[in-house]
Amino acid sequence: MEPAPAGQKEGGSRFRASEHQHARYNPLRDDWVLVSAHRVKRPWQGQLEKPPPEDVPRWDPKNPLCPGATRANGEVNPQYEGTFVFPNDFPALQPDAPEPDDSDHPLFRAAPARGVCKVMCFHPWSDLTLPLMSLAEIRTVIDAWAELATDLGASYPWVQVWASSFLPNEARLEDRTQREHLSQHGVPMLLEYAEQEARRKERLVVENADWLVVVPYWATWPYQTLLLPRRHVCRLQDLREGERDSLASIMKRLLIKYDNLFEVSFPYSMGWHGAPTGPHLEEDCRHWQLHAHYYPPLLRSATVRKFMVGYEMLAQAQRDLTPEQAAERLRSLPEVHYKEGDKEM
């Protein structure tokens, strides 16, 4: 009896990632995601969201982030004309919080948690989001991120817009997995991953000389992306001038595609992960590679979101659309914003 061809079982059915359920390993988080591509065909009878309004005013006195507006604590914003950073009025972390008492049992442990929280307004206009900003304006945002990372990173181990006296769960996990990968394979994990994705191209969304954006092989959210430098870079503040300019360009291209997908201002959570700072600045952090995660919740349309519910909360992450299908959809979209298309004609 002849053996079945690779990817084909004895019963004759051939595995196709776009049709058959399978699990994919996420080496960055050391866990697995269930891919159930066949579920895309099911009719949607779940919750529908209201799409975001399109008629956002340029300046709104009720918006506490606008120039000249009064915030809830009575502070009045300056008449800022560019990127504006200020302390969060209701921070999750404060620098002078007292330490918790010692635990009397190993099942009831507490630890000190101190830090600062900042708010960053990218632009003074409420109706202007990053994909509609100029490259120079986006570059200003990048420089502000890098300045925060440098200033707060002088003393705090972890900096995003929040700076903490400890490494959060995701940071500790990525530190461990990247350290193990470098030890076992002799190359930083995400540097090797970027080189592989640049060669394979099936999950590539956009790229330029310094950066690439992919829907990661292990993506959980439908149109989740990973932004990676081609050069080995540990921290945002280590980027060269040219890399910051090309970062502004690739961010704009990605975010235009996001908005064009459902012709809506695309919601997402985004953040940078880089080597720890503060006391870790003098340590060997070669295992780290700078990267940004984009986690958008929209699934099928501007009104259909993915929720982490039953199976995801009680077992493991699961997705319907394959990362390859998601990347192909994003890749095929135009790089002129749908709101500006008529201006180009």
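Criteria and cut-off values
- Residues numbered from 1 in each chain as written.
- Predicted model: local features only at pLDDT ≥ 70, side-chain atom pairs only at ≥ 80, totals over all residues.
- Heavy atoms only, no water.
- Salt bridge = Lys/Arg side-chain N within 4 Å of Asp/Glu carboxyl O.
- Buried < 20%, exposed > 50% of the residue type's maximum accessible area, 1.4 Å probe, protein only.
- Helix = DSSP H or I, 4+ residues; strand = E, 2+ residues; numbered from the N terminus.
- Expected span 1.5 Å × (residues − 1).
- Phe/Tyr/Trp six-rings, centres within 6.5 Å; stacked < 30°, edge-to-face > 60°.
- Lys NZ or Arg CZ within 6 Å of the ring centre and 35° of its normal.

K.L.:
Looking at this structure, I do not really get the pattern of salt bridges. What am I missing?
P.N.:
Should their charged atoms come close, side chains of opposite charge can pair. For the structure shown, the criterion picks out 22 salt bridges. Across the pair E197 and R203 runs a salt bridge, and its minimum N-O distance is 2.9 Å. Like E197, the residue R203 is buried in the burial classification. For the salt bridge of R203 with E324, the shortest nitrogen-to-oxygen distance reads 2.6 Å. Note that R203 is positioned in the loop between α3 (189-200) and β7 (204-207) and E324 in helix α6 (residues 323-331), a separation of 121 residues in sequence. Comparing R203 with E324 shows no difference in burial state: the two are buried. Beyond isolated ion pairs, a larger network of salt bridges with shared partners links R24, E197, E202, R203 and E324.

K.L.:
I keep staring at helix α2 (residues 169-185) and nothing clicks. Help me out?
P.N.:
Side chains of residues three or four places apart in an α-helix project in the same direction, reflecting 3.6 residues per turn. Its 17 residues give α2 an end-to-end C-alpha distance of 24 Å, which sits within 8% of 24 Å, the value for a rise of 1.5 Å per residue. Residues of α2 that are buried: A171, L173, E174, D175, T177, Q178 and H181. The positive-phi residue at the C-terminal boundary of α2 is G186, with phi of around 75 degrees.

K.L.:
Just checking my understanding: could you explain the packing of aromatic side chains for this structure?
P.N.:
When we look at a pair of aromatic rings, we describe it by the centre distance and by the angle of the planes. Taken as a whole and assessed by the stated rule, the structure comprises 14 aromatic pairs. Ring geometry for Y223 and F262: centres 6.3 Å apart, planes at 85 degrees, overall edge-to-face. Separated by 39 residues along the polypeptide, Y223 in the loop between β8 (211-214) and β9 (225-229) and F262 in helix α4 (residues 241-262) bring together distant segments of the chain. For the pair Y223 and F262, a shared accessibility class is recorded, and that class is buried. What links up through ring pairs into an aromatic cluster is the set Y223, Y258, F262, F266, Y268 and Y294. Its guanidinium or amino end placed over the ring of Y217, R24 lies 4.3 Å from that ring's centre, counting from NZ or CZ. The ring of W125 carries the charged tip of R58 above its face, separated from the ring centre by 3.6 Å.

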